[in-house]
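# Chain and residue survey
Below are the chains, spelled out letter by letter.
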Amino acid sequence: MPATAETADQVQSIEGEKYKYGFITEIESDMAPKGLSEDIVRFISAKKNEPEWLLDWRLKAYRRWLEMPEPKWAKVDFPPIDYQQYHYYSAPKSQEDGPQSLEDVDPELLATYEKLGIPIREQEMLAGVQNVAVDYVFDSVSVATTFKKKLEAAGVIFCPISEALERCPDLVRKYLGTVVPMADNKHSCLNSAVFTDGSFVYIPPGVKCPMELSTYFRINEQNTGQFERTLIIADKGSYVSYLEGCTAPMRDENQLHAAVVELIALDDAEIKYSTVQNWYPGDADGKGGIYNFVTKRGACRGKNSKISWTQVETGSAITWKYPSCILQGDNSVGEFYSIAITNNAQQADTGTKMIHIGKNTTSRIISKGISAGKSDQTYRGLVKISAKAEGARNYTQCDSLLIGDKCGAHTVPYIESRNKAAIVEHEATTSTISEDQLFYLRQRGIPQEAAVALVVNGFCREVLQQLPMEFAVEAQKLVGISLEGSVG
Amino acid sequence: MLEIKDLHATVGGTEILKGLHLVVEPGEVHAIMGPNGSGKSTLSYVLAGREGYDVTGGRIIYNGEDLTNLEPEERAAKGIFLAFQYPVEIPGVPNSTFLNEALNAVRRYRGEEEMDKIEFIKMLRAKTKELSMSDEMLKRAVNVGFSGGEKKRNEVLQMAILEPTLAILDETDSGLDIDALKIVADGVNALRSPERSSLVITHYQRLLDYIVPDKVHILAKGRIQHTGGKELAHELEAKGYADFVGEAA
Ligand SMILES: Nc1ncnc2c1ncn2[C@@H]1O[C@H](COP(=O)(O)OP(=O)(O)O)[C@@H](O)[C@H]1O
Ligand SMILES: [Mg+2]
């Protein structure tokens, strides 16, 4: 049997059991009753002691949501979602009073994060490497946030969004829902109605955030969804690098994750947002796994501002996600670097939108898609250039790598340009891992699976290089693991 | 010691090796010469365990062990190295990363510790210099954009790092100018020792002036047709294959 066919079989034989983050934390949770209604929306808002305006906003979103149709244009296939089967709020009982000091965190939770490889501690990740501040979100609540003091000293606000509503309600009110309007799509509308914790970041003018910021999302309880909301504001001339990571236990039912992330960069500010998404992908037959329906968008409001999205998408049963940039400020820059890996029965429809409004705005899209097993993957991108966007430029490169012959890869680039002088370039390639490459590597002693991982990592190199150093090594390993049969 | 007994092998259903015998003792260098299409590369792939090259009869014994059912990486770990006639490009993977992975994989298989990163880099630099290669080639993706000569030298570099006990060189000399040829030959000679052996596949006698073989075999029609000392290569160069291929076939 040729090596490529064997690889494909091996890759196909990977079972969900190999997912090493699939354990369940036995912890007593305080949960909202199952289902979705105005009462549930009020319940969540009350849990968070929210101001009146926010409850009104949530209720308005809920009512809009009831009427909105599901988005149907993505190339993903799943039975209708029964929204009444989920709990829209779940929090460990021990964390009832909100985030405590690090010393007071429930030992079960400490053990959970230890096991996940991201212990709740204020420590150097690697000797000599810059520290990373982490917000730990467990189901619907943040259970801890590290390095708050150090960040406060720099004027940086980094906390759960519920806490931000107390610390700086005006900032939240000013920006919430301004990049992703409440009724942008059915999933974002649901999020607006029932969102729970997520991180809030504010970087004051002229401040370079002294450390990497990171949020780690964990879905634990059965029949829950996670609906976090992240809002990052980089004020004039500031800089922040933020990373989001996610995992969930192996459950037979499909859990829903409908997050909204909004980024705002003012004049001369830069936001670098990286994601390593490793939600449970379901088993080899497509049973279980997370539905990851996420709306992420950044607004380059100020001149010379820059927003850069980097994503490594390896998990979830279904991914529906298009981190986008609205380039309003003159000379603003939007970037999208993506690695999407689908295996077994996973489906992913992901890409980006770059909306050029300001003059001399530039955008760059580098997408690397790897499909294996019987998975199906689509890159869907839109580059839109308005009439006023003089001197706008876009460069798009979409590369697909196929492993085996039962998977699918599709590239759907839309270009809408109203400005004749704009320069829009698009390149696309499709390739397979060649038998020659695998034999060459194996002849040098590198086992088959490691050889696949090496070739795939090489294929993704341009994107992996965009990740903060602290996470690049992990991401490389993850790329290998998501395609391996034996590592678990 | 390598012992190939009555080896039959097919590629895509066609029998290419048809009863090949060959014994290489430790410390020996054997040359294999033969016309195009005679099965030289096929032999090297069969020895390395490439899929699609099926052994249908006979045995390959290396140091007392039958290799036939071992994976390519297991054979590599047992000391078998193939310098490819056409080295393969691996985009995006830096040459040094590849070399490091290969060495560590082989070491792990043998139950040895991985080499310390700093020690590895030192060794890599030294070997690179011996082969008159630039450090810059270590940073570049494996074989991507390398000239023909650079690719061949890169094969020899890999060999120098992995220190195989059986090196099979498949036309490593073709496309090399005389200086590069000498460098490659030096690389092979540097590995010569009482425990190590080499199988040098070549078209030209020229390489054998620098890597002096203990034995020369002529491969044609899927079998070794003739075996002699190093003078056989000269004879072959003078007379051509026809004389040798005809008689035993
Ligand atoms: N992949 C393949 N499929 C079918 N025939 C092959 C394949 N590879 C080599 N052959 C055939 O096997 C024979 C020997 O080829 P090869 O071993 O490459 O010869 P050499 O290296 O001596 O020039 C040739 O007739 C060639 O056409
Ligand atoms: Mg050949």
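Below: a short report on this structure.

Rules used throughout
- Residues numbered from 1 in each chain as written.
- Chains lettered and ligands numbered in written order.
- Predicted model: local features only at pLDDT ≥ 70, side-chain atom pairs only at ≥ 80, totals over all residues.
- Heavy atoms only, no water.
- Helix = DSSP H or I, 4+ residues; strand = E, 2+ residues; numbered from the N terminus.
- Rg over C-alpha atoms; globule rule 2.2 N^0.38 Å.
- Buried < 20%, exposed > 50% of the residue type's maximum accessible area, 1.4 Å probe, protein only.
- Contact = heavy atoms within 4.5 Å.
- Lys, Arg positive; Asp, Glu negative; His and termini not counted.
- Charge placed at Lys NZ, Arg CZ, Asp CG, Glu CD.
- Buried area = accessible area lost by both parts, 1.4 Å probe.
- Salt bridge = Lys/Arg side-chain N within 4 Å of Asp/Glu carboxyl O.
- Polar contact = N/O pair within 3.5 Å; in protein donor to acceptor, adjacent residues only side chain to side chain.
- Nonpolar A, V, L, I, M, F, W, Y, C, P; charged D, E, K, R; others polar.
- Phe/Tyr/Trp six-rings, centres within 6.5 Å; stacked < 30°, edge-to-face > 60°.
- Axes fitted to C-alpha atoms, helices over the stretch in contact; angles between N-to-C directions.
- Left-handed = near helix turned anticlockwise from the far one by under 90°.

What follows concerns the overall build of chain B. Within chain B, the regular secondary structure consists of nine helices and twelve strands. Taken over C-alpha atoms, the radius of gyration comes to 18 Å for chain B, in line with the 18 Å a tight globule of 249 residues would show. For chain B, the residues scored as buried account for 55% of the 249 residues in total. Considering only contacts within chain B whose residues lie at least 6 apart along the sequence, 68% involve residues at least 24 apart. Looking at chain B, you have 29 positive and 39 negative side-chain charges, and the mean spots of the two groups are 2 Å apart.

Our next topic: the interface of chain B and chain A. With 32 residues of chain B in contact, the opposing surface of chain A contributes 22 residues. Summing both partners gives a buried area of about 2300 Å² for chain B against chain A, and 60% of it is carried by carbon and sulfur. Considering only the side of chain B, the residues that lose the most area to chain A are Arg50(B), Glu51(B) and Glu73(B), jointly responsible for 27% of the buried surface there. Its salt-bridge partner being Arg442(A), residue Glu51(B) comes within 2.9 Å of it at the nearest N-O pair. Inspection of the region where chain B meets chain A yields 15 residue pairs in polar contact (both at pLDDT 80 or more). Looking at the side of chain B that touches chain A, the elements with two or more residues in it are helix 1 (40-48), helix 2 (72-77), strand 6 (80-83), strand 7 (90-94), helix 3 (95-109) and helix 6 (148-162) of chain B. Of the residues contributing to the side of chain B that touches chain A, the split by class is 21 nonpolar, four polar and seven charged.

Residues and elements named next belong to chain A. What the rule picks out here adds up to 20 aromatic pairs over all chains. Between tryptophan 65 and tyrosine 83, the ring centres sit 4.9 Å apart and the planes meet at 85 degrees, which makes this aromatic pair edge-to-face. Here the residue tryptophan 65 occupies a position in helix 3 (residues 52-67), and tyrosine 83 occupies one in the loop between helix 3 and strand 2 (90-92), the gap between them amounting to 18 residues. Among the residues examined, tryptophan 65 registers a relative accessible area of 6% and is labelled buried. Here tryptophan 73 and tyrosine 322 contribute two aromatic rings whose centre-to-centre distance is 5.4 Å and whose plane-to-plane angle is 50 degrees, an arrangement assigned as tilted. Residue tryptophan 73 is found in the loop between helix 3 and strand 2, and its partner tyrosine 322 is found in the loop between strand 16 (318-321) and strand 17 (324-327); the two are separated by 249 residues along the sequence.

Another aspect to go through is the packing of helix 3 of chain B against helix 6 of chain B. All names here are of chain B. Where helix 3 meets helix 6, the closest approach of the two axes is 10 Å, and the angle between their N-to-C directions is 35 degrees. Crossing hand, helix 3 versus helix 6: right-handed. Contacts between helix 3 and helix 6 involve Asn95, Phe98, Leu99, Ala102, Leu103 and Val106 from the former and Asn154, Leu157, Gln158, Ile161 and Leu162 from the latter.

Purely geometric stuff here, so don't read any function into it on its own.
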